Protein chains: 2
Amino acid sequence: MKPLSDYSIGFIGLGLMGRPMCLNLHRAGARMTVHNRSRAVVGQLVRDGIEAADNPAGVARRTDIVVLMVSDTPAVEQVLFGSDGLAGGLRPGTLVIDMGTSAVAATREFAGRLQQAGADFIDAPVSGGEIGARDASLAIMAGGEKSAIERARPLFEVLGKTFTHVGAVGAGQVAKAANQIIVGLNIGAVAEALALAESAGVDPARVRQALLGGFAASRILEVHGQRMIDGNFTPGGKVTTQHKDLRQALDLAAGLGLSLPATRLNMGLYQTLIDSGDGALDHSALIRLFRKSDC
Amino acid sequence: MKPLSDYSIGFIGLGLMGRPMCLNLHRAGARMTVHNRSRAVVGQLVRDGIEAADNPAGVARRTDIVVLMVSDTPAVEQVLFGSDGLAGGLRPGTLVIDMGTSAVAATREFAGRLQQAGADFIDAPVSGGEIGARDASLAIMAGGEKSAIERARPLFEVLGKTFTHVGAVGAGQVAKAANQIIVGLNIGAVAEALALAESAGVDPARVRQALLGGFAASRILEVHGQRMIDGNFTPGGKVTTQHKDLRQALDLAAGLGLSLPATRLNMGLYQTLIDSGDGALDHSALIRLFRKSDC
């Protein structure tokens, strides 16, 4: 396997997750070229010795592998196929990796169009939030051809702690939809459970401690349960992002004729949070719906 | 702290959880006296060298500490205050420990009545299911006076892996209600997530593996996710028990003026399972609601 310093990597989308991921690849020795819709964050990275391109096509012209970490599926389409999009600068064998959370059907369509243009495509969304992006402790769930996955492996080893090749193109996004369903519902569960303990006059910190030893134990109880107890809703993962991911998961389910009632209810609770102006908070802020003093 | 062989312990309720817990105390050297409504299981234990009493009062007359592991709150009331109930055989300083899942208000009332009769009371419900009872890996969440808790500690060390003194009498049951909310909702979450993966043609075993590395990681995904993949619904924790526990948690919430919409929906899904004849299966059978081939 080539050392990472032999790679020329493009990175498009430098938000809450993308920026620390890009910096981890840079520190691991890769030659990085970046692009971002808003330019302020690009200036900081250029001062760190990272190159910038004016548009996605420019990123593609200078790199072998391009990572996308943009906000949603329409943004992926714009970056790939919009004016000065990535597709305009592709070289034979360019590998495009979408590490954001995108719709499954669109992912398969994008992959087909890129492959026709001679490029490879992997969907490799992640779980672990901003902390996971910074600490390189992300869980990466990838869909694509085995040969393309092997090319991407050195990047995944820098960016994450666990990596699973889930299946063909789109399978990574299916796994991510499953992930967001569990994360969203489990945050809702911990919120209802700790709000009940608080209302009953029992210390939620002791309840969290007691429950971490049994079947209720989860990363969400550990991390987001502590956030709820501390009232620390600096994102992490935003309410609006969680809501968008659940809508995408429900669209996928609807297309398969599958009704997911708990996921639908959970999305409605996040919608209520957005309506009350809390959309930019961490998704653990869901407990505010159940705390009378917060209303 | 006295060795367990110095204890004379009563055990009432020898079901899925109670029987292995009783045997663990017996093997640890305690002198055990048991009672159970149905007699078949008592006969087996007597052959193992455990004494039997004809009724709860008889258990109380012969022991210092009595553990209850019966099916629900009315059964606890019957065992304590029914004809030939425990209260009739109490000696000064008898410690009664309810390790089942009982209603909080009733628990506080029972504790008051027993204390007036000169006995001590702890609520110490558990999480971990039948496996946890057998392997002595239960999480024990206790409510009661510190002195009573200290008396019970040697038993808890035999029966469980973690032990948390949550607060005053009733606080253990509040924690257990919180536990059942999280367990029930998280089973529902894993069921919807894995059913989505299956419907989308993606291997649910790989999805489970990918998700165990990220924020969706939980004991439920690990244990009950595997059960769903294997279609292994031999209980563990029964659908009917989970449903009863959720109803009790919702009653507690309602008494506090708290609405828990996801918990309510989740209880409805378990009700649907019961209505379709699956009440005696493990609670992970919830995924059957979302698998078309199972309908």
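Basis of the calculations
- Along every chain, residues carry numbers that run from 1 in the direction the sequence is written.
- Note on labels: chains are lettered from A, ligands numbered from 1, in written order.
- Given that the model is predicted, a residue must reach a pLDDT of at least 70 before its local features are reported, and side-chain atom pairs must reach 80 or more before they are shown or counted; all residues, however, enter totals for whole chains, interfaces and linings.
- Excluded from the side-chain calculations are hydrogens and water; all other atoms, namely the structure's heavy atoms, are used.
- Helix and strand assignments come from DSSP, with helices taken as H or I runs of at least 4 residues and strands as E runs of at least 2, each series counted from the N terminus.
- Partly exposed describes any residue whose relative accessible area lies between the buried limit of under 20% and the exposed limit of over 50%, with all areas from a 1.4 Å probe on protein chains only and scaled to the type maximum.
- Asp and Glu are treated as the negative residues and Lys and Arg as the positive ones, with His and the ends of the chain left uncounted.
- Here a salt bridge means any side-chain nitrogen of Lys or Arg lying within 4 Å of a carboxyl oxygen belonging to Asp or Glu.
- In the analysis that follows, any N or O atom pair within 3.5 Å is treated as a polar contact, provided that within protein one partner can donate a hydrogen and the other can accept it, and provided that, for residues neighboring in sequence, both atoms belong to side chains.
- By definition, residues are in contact when any of their heavy atoms lie within 4.5 Å.
- Segment limits for the domains were obtained from an automatic or database-derived domain assignment.
- Three classes are used, and their members are as follows: Ala, Val, Leu, Ile, Met, Phe, Trp, Tyr, Cys and Pro are nonpolar, Asp, Glu, Lys and Arg are charged, and the others, Gly among them, are polar.
- As used in this record, nonpolar core signifies buried Ala, Val, Leu, Ile, Met, Phe, Trp, Tyr and Cys residues forming a set joined through side-chain atoms within 4.5 Å.
- Criterion used throughout: strands pair if DSSP finds at least two bridges between them.
- Orienting the strands away from the viewer, one traces the path from the first strand over the helix to the second; a clockwise path indicates a right-handed crossover.
- When two parts are brought into contact, each loses some accessible area as probed by a 1.4 Å sphere; the total of that loss over both is the buried area.
- Here the arc refers to the directions that run from the helix axis out to each C-beta atom.

1. Brief notes about the side chain of lysine 176 of chain A
Residues and elements named next belong to chain A. For lysine 176, the position within the fold is in helix H8 (residues 171-199). Nearest to the buried, unbridged lysine 176 among oppositely charged side chains is aspartate 245, at 4.5 Å. Here valine 126 takes part through its backbone oxygen, which lies 3.0 Å from a polar atom of the side chain of lysine 176. Not counting the four nearest positions on each side in its chain, lysine 176 is found in contact with Thr101, Pro125, Val126 and Met141.

2. Looking at the domain arrangement of chain A
All names here are of chain A. In terms of domains, chain A is made up of domain 1 (8-168) and domain 2 (174-294). If you look at the interface, domain 1 gives 14 residues, while domain 2 gives 10 residues. For the pair domain 1 and domain 2, the interface holds 7 residue pairs in polar contact (both at pLDDT 80 or more). Residues that form the side of domain 1 that touches domain 2 fall into these classes: 7 nonpolar, 5 polar and 2 charged.

3. Quick notes on the nonpolar core
Among soluble globular proteins, nonpolar side chains are generally buried collectively. Ranked by internal contacts, the top residues of the largest apolar core, which has 100 residues, are Val207 and Leu211 of chain A together with Val207 and Leu211 of chain B. Apart from the residues within four sequence positions on either side, leucine 211 of chain A is in contact with Ala216, Ala217 and Leu221 of chain A together with Met141, Ala175, Ala178, Asn179 and Ile182 of chain B.

4. Concerning the pairing of strand E2 (residues 31-35) of chain A
All names here are of chain A. Counting buried positions along E2 yields 4 of 5 residues, so the element is predominantly enclosed. With 5 bridges joining them, strand E1 (residues 8-12) and E2 adopt parallel strand pairing. Bridge assignment links phenylalanine 11 to a residue of E2, and that residue is valine 34. On the question of chirality, the crossover connecting E1 to the parallel E2 by way of helix H1 (residues 18-27) is right-handed. As judged from the 2 bridges shared by E2 and strand E3 (residues 51-52), these two strands associate in the parallel manner.

5. Notes on the interface of chain A and chain B
Facing the 64 residues of chain A at the interface are 64 residues of chain B. Summed over both sides, the interface of chain A with chain B buries roughly 5,200 Å², with 73% coming from carbon and sulfur. On the chain A side of the interface with chain B, the three residues burying the most area are Ile182, Leu196 and Phe215 of chain A, jointly 16% of the side's total. Taken together, chain A and chain B are joined by 0 salt bridges. Listed by contribution, the elements that provide at least two residues to the side of chain A that touches chain B are strand E8 (138-143), strand E9 (160-167), H8, helix H9 (204-211), helix H10 (219-230), helix H11 (239-255) and helix H12 (261-275) of chain A. No other element matches H8 of chain A, which puts 19 residues into the side of chain A that touches chain B. Class assignment of the residues belonging to the side of chain A that touches chain B gives a composition of 40 nonpolar, 18 polar and 6 charged.

6. Observations regarding H9 of chain A
Residues of H9 of chain A that are buried: Pro204, Val207, Arg208, Ala210 and Leu211 of chain A. In a view along the axis of H9 of chain A, the buried residues occupy a sector of 165°, so they form one face of it. As for H9 of chain A, its buried residues are in contact with H8 and H10 of chain A together with strand E8 (138-143), strand E9 (160-167) and helix H8 (171-199) of chain B. N-capping of H9 of chain A is provided by aspartate 203 of chain A, with a side-chain oxygen placed 2.9 Å from the backbone N of alanine 205 of chain A.

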